[in-house]
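What follows is the residue order along each chain.
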Amino acid sequence: RRDAAYTLLKSGVDPLKDRRAKRIVASNDRTFGVFAAEYLTTALTGFQNEKHKWQWKQTLEAHAKPLWKLPLREITTGDVFGCLDPIWDKKNETARRVRGRIERVLSAAKAQGRASIAAGRRSGGGNRGASAARFRARARSGATGSNAPV
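Remember, predicted model here, so these are calculated numbers, not experimental data. (Residues numbered from 1 in each chain as written. Predicted model: local features only at pLDDT ≥ 70, side-chain atom pairs only at ≥ 80, totals over all residues. Heavy atoms only, no water.)

Undergrad: Any chance you could explain the packing of helix 5 (residues 77–88) against helix 6 (residues 92–111) here in plain terms?
TA: Relative orientation of the contacting elements helix 5 and helix 6 amounts to 165 degrees, with a least axis distance of 9 Å. Put simply, helix 5 runs roughly antiparallel to helix 6. Where helix 5 crosses over helix 6, the two elements pack in a sense that is right-handed. Only Asn 92, Thr 94, Ala 95, Arg 96, Val 98, Arg 99, Ile 102 and Leu 106 of helix 6 make contact with helix 5, whose side of the interface consists of Val 80, Leu 84, Ile 87 and Trp 88. (Axes fitted to C-alpha atoms, helices over the stretch in contact; angles between N-to-C directions. Helix = DSSP H or I, 4+ residues; strand = E, 2+ residues; numbered from the N terminus. Parallel < 35°, antiparallel > 145°, perpendicular 65-115°, else oblique. Left-handed = near helix turned anticlockwise from the far one by under 90°. Contact = heavy atoms within 4.5 Å.)

Set out below in structure tokens:
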């Protein structure tokens, strides 16, 4: 490792900048699942209730499963709607919580420069209290504006 750094220095390349650049390239290919697992290990340390920790993991794994294999930069609002649509009518409260949890994961990814969608943006309440029909209509139209729920 030291020899590799020395070789880079001799060729005029800063080894630290080179390593950072490689990390950025590697991190951009991260999937939602990999990032969510990493996020959960750090975020759940603040939770004292074991049931809450389990619920976070369970709901993301069960209801956000279609997102797990997608690269973070390719996730769209439509993808998030696609996860929530099957449960929105029957389990509205669960869907709302899953949406918030997905939003927190994507916001953390965006803060680290790994996601590019408008994650975490809420203006005037976003989709809170919206009917299931309105929710689906927005999903079909591909709404991505500032009032989009994600």
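Undergrad: Sorry if this is basic, but what is going on with the pattern of salt bridges here?
TA: Counted by the stated rule, this structure contains 6 salt bridges. For Glu 38, the salt bridge identified is with Arg 30, shortest N-O distance 3.4 Å. Judged by its relative accessible area of 30%, Glu 38 falls in the partly exposed class. For Glu 93, the salt bridge is made with Arg 97, and the minimal N-O distance between the two is 3.1 Å. Residue Glu 93 and its partner Arg 97 are both found in helix 6; the two are separated by 4 residues, about one turn of the helix. Taking relative accessible area as the criterion, Arg 97 reaches 43% and is therefore assigned partly exposed. One connected set of salt bridges, linked through shared partners, spans Glu 93, Arg 96 and Arg 97. (Salt bridge = Lys/Arg side-chain N within 4 Å of Asp/Glu carboxyl O. Buried < 20%, exposed > 50% of the residue type's maximum accessible area, 1.4 Å probe, protein only.)

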